[in-house]
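Descriptive structure summary
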Amino acid sequence: MPSSGLLTLFDMPNEHASDLSAVRIDTGVIEGSEISAFYDPMIAKLIVHGANRKVALRQLSLALEKTAISGVATNVSFLHTLANHPSFIESPTSTHFIDDHISELTQKDEQEQTLQLIMAALVYINANTCQTSTSPWNTLTAFSLNASNHYTLPFVDFSLECQRNNDAMTLVYNNEHFSVNADFNGNNLTAFINGEKHTAKFVLNDQSIAIMHSGNTHLFALKSKHYVAEKQNDGNSLQAPLNGTVVKQVASVGDNLKQGDAVIIIEAMKMEYTLTAPFDGQLSQFYFAEGDLVSHGDLLAKVEEAQCNQSL
């Protein structure tokens, strides 16, 4: 789905690097650019060439691993998975390839997600450590969320515990223990996890931590100040999946709807999205009129759940 917002990080491969001499970048944006909902959702073209398909795909995979974008959702991770799919590398492909392999291309890599979660934890700990040394890992005793040496990090969707013992730190996730250490340089992270070295880029704010590692990007929401829509969702509503414009109210207030019936259509980046009734019920209210601009998370309409009538 197209995504709009501010490019908080836009780091594309260096076309002049010796290992990426076969790469070309075409783009019209820079870090700090605002991606609006009124234009094409493509923000850059990453182009490679090689003596043959396999050589070109290796260049593409490497270039994607050196691509780090934050602030808007992108398909970098998907493209990296696609470029490394064995059938895509070995076999002739057609325009049906993605449809034919969609489950494989969108399958979650649990090991990679765990690795990125550990790196996100290191970013959070670093940001909350007393910065009296060039390395926060030299001042672990100054970092304390509470009086205990055991505490849970504030991720919305993951339960991750940190354990400290003098100058050693262990993170515990899914009953697995990870011995960790880290170095930071700007938004570059070098993590040592169970003795293995990993490098990544990150973007941290009050609401989330974005980790970009080896062609994969994950956004970890934080409990402390995580996003809540201006109009609270009480479970009986339809919320905008992205910034856009209301182009049509398909139903009318008072209509009795079946689950899946079209309610309202919004448009963004030359594409239309139809929001449907989440369950059987009556449309009780629209919050925006046709032509209004809406933001991601805005409550657009409300459907009251149908009540069972009983005769006594």
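None of these values were measured; they are calculated from a predicted model.

Rules of the game
- Residues numbered from 1 in each chain as written.
- Predicted model: local features only at pLDDT ≥ 70, side-chain atom pairs only at ≥ 80, totals over all residues.
- Heavy atoms only, no water.
- Salt bridge = Lys/Arg side-chain N within 4 Å of Asp/Glu carboxyl O.
- Buried < 20%, exposed > 50% of the residue type's maximum accessible area, 1.4 Å probe, protein only.
- Helix = DSSP H or I, 4+ residues; strand = E, 2+ residues; numbered from the N terminus.
- pLDDT = per-residue confidence, 0-100.
- Phe/Tyr/Trp six-rings, centres within 6.5 Å; stacked < 30°, edge-to-face > 60°.
- Lys NZ or Arg CZ within 6 Å of the ring centre and 35° of its normal.
- Axes fitted to C-alpha atoms, helices over the stretch in contact; angles between N-to-C directions.
- Parallel < 35°, antiparallel > 145°, perpendicular 65-115°, else oblique.
- Left-handed = near helix turned anticlockwise from the far one by under 90°.
- Contact = heavy atoms within 4.5 Å.
- Nonpolar A, V, L, I, M, F, W, Y, C, P; charged D, E, K, R; others polar.
- Core = buried A, V, L, I, M, F, W, Y, C linked by side-chain atoms within 4.5 Å.
- Expected span 1.5 Å × (residues − 1).
- Polar contact = N/O pair within 3.5 Å; in protein donor to acceptor, adjacent residues only side chain to side chain.
- Pairing = 2+ DSSP bridges.

**Points about the pattern of salt bridges**
For the structure on display, the rule yields four salt bridges. A salt bridge links Arg24 to Asp26; its shortest N-O distance comes to 2.9 Å. Among the residues examined, Asp26 registers a relative accessible area of 31% and is labelled partly exposed. The salt bridge partner of Glu90 is Lys54, with a shortest N-O separation of 3.2 Å. With Glu90 in helix H3 (residues 86–90) and Lys54 in helix H1 (residues 53–65), this residue pair connects regions lying 36 residues apart in the sequence. What makes Glu90 exposed here is its relative accessible area of 54%.

**Comments concerning the confidence of the model for the chain**
When pLDDT is averaged along the chain, the result is 85, and 87% of the positions lie at 70 or above. Here strand E15 (residues 237–239) stands out as the element of the chain with the lowest mean pLDDT, 78, in contrast to strand E11 (residues 188–193), whose mean of 96 is the highest.

**Digging into the packing of aromatic side chains**
Taken as a whole and judged by the stated rule, the model has five aromatic pairs. Chaining the aromatic ring pairs together yields one cluster made of Phe155, Phe158, Tyr173 and Phe220. Directly above the ring of Phe88 sits Arg53, whose terminal nitrogen or CZ lies 4.6 Å from the centroid.

**Focus: the packing of H1 against helix H2 (residues 76–83)**
Relative to each other, H1 and H2 sit at 155°, their axes nearing to 9 Å. Between H1 and H2, the angle is such that the two are roughly antiparallel. In this structure, H1 crosses over H2, and the sense of that crossing is left-handed. Residues Leu57, Leu60, Ser61, Leu64 and Glu65 of H1 lie in contact with H2, whose contacting residues are Val76, Leu79, His80 and Ala83. Residues belonging to the contact of H1 with H2 are distributed by class as follows: six nonpolar, two polar and one charged.

**Here's the deal with the nonpolar core**
If you look at the biggest cluster of nonpolar residues, it comprises 31 residues, and the most contacted ones within it are Leu153, Phe155, Leu160, Leu171 and Ile211. Broken down by secondary-structure element, the contributors of at least two residues to this core are helix H6 (110–127), strand E7 (150–153), strand E8 (160–165), strand E9 (168–173), strand E10 (176–185), E11, strand E12 (196–204) and strand E13 (208–213). The greatest single-element share of this core, amounting to ten residues, is contributed by H6.

**A few points about H1**
Between its first and last C-alpha, H1 extends 18 Å over 13 residues, near the 18 Å set by a 1.5 Å rise per residue. What H1 keeps buried is the set Ala56, Leu57, Gln59, Leu60, Ser61, Ala63 and Leu64. Looking at the packing, one finds that the buried side of H1 touches strand E3 (23–27), strand E5 (44–48), H2 and H3. Measuring from the side-chain oxygen of the N-cap residue of H1 to the backbone nitrogen of Lys54 gives 3.1 Å; that N-cap residue is Asn52.

**Considering the sheet that holds E12**
Strand order in the open sheet formed by eight strands is E7-E8-E9-E10-E11-E12-E13-E14, with antiparallel pairing between adjacent strands. Of all the strands in the sheet, the pair left with one neighbour each is E7 and strand E14 (216–221). Sheet twist, expressed as the average angle between the axes of neighbouring strands with direction ignored, equals 35°. Taken strand by strand, H6 contacts E7, E8, E9, E10, E11, E12, E13 and E14, and its axis lies near 125° from that of E13.

**Topic: the environment of Lys66**
Residue position: Lys66 is located in the loop between H1 and strand E6 (68–70). Owing to a relative accessible area of 37%, Lys66 belongs among the partly exposed residues under this scheme. Separated by 149 residues in the primary sequence, Lys66 and Gly215 have C-alpha atoms spaced 6.9 Å apart. Beyond its immediate chain neighbours, meaning those up to four positions away, Lys66 contacts Asp11, Met12, Pro13, Asp19 and Leu20.

**Remarks on the environment of Gly254**
Structurally, Gly254 can be placed in the loop between strand E16 (244–249) and strand E17 (256–257). In the structure, Gly254 is positioned 27 residues away from Gly281 in sequence and 9.6 Å away in space, judged by C-alpha atoms. Excluding residues within four positions of it along the chain, Gly254 makes contact with Gln282 and Leu283.

**Some remarks on H6**
In an α-helix, one turn spans 3.6 residues, which is why side chains three or four residues apart end up on the same side. Taking 1.5 Å per residue, 18 residues should reach 26 Å; H6 reaches 26 Å between its end C-alpha atoms and fits that length. The element H6 is extensively covered by neighbouring structure, given that 15 of its 18 residues are classed as buried. Here H6 starts with a cap whose side-chain oxygen sits 3.2 Å from the backbone nitrogen of Gln111, and that cap is Asp109.

**Things to note about the pairing of strand E18 (residues 262–268)**
Of all seven residues making up E18, five are buried, and the element is well covered by its neighbours. Here four bridges tie E16 to E18, and the two strands are oriented antiparallel to one another. Across the sheet, residue Gln249 finds its bridge partner in E18, namely Ile264.

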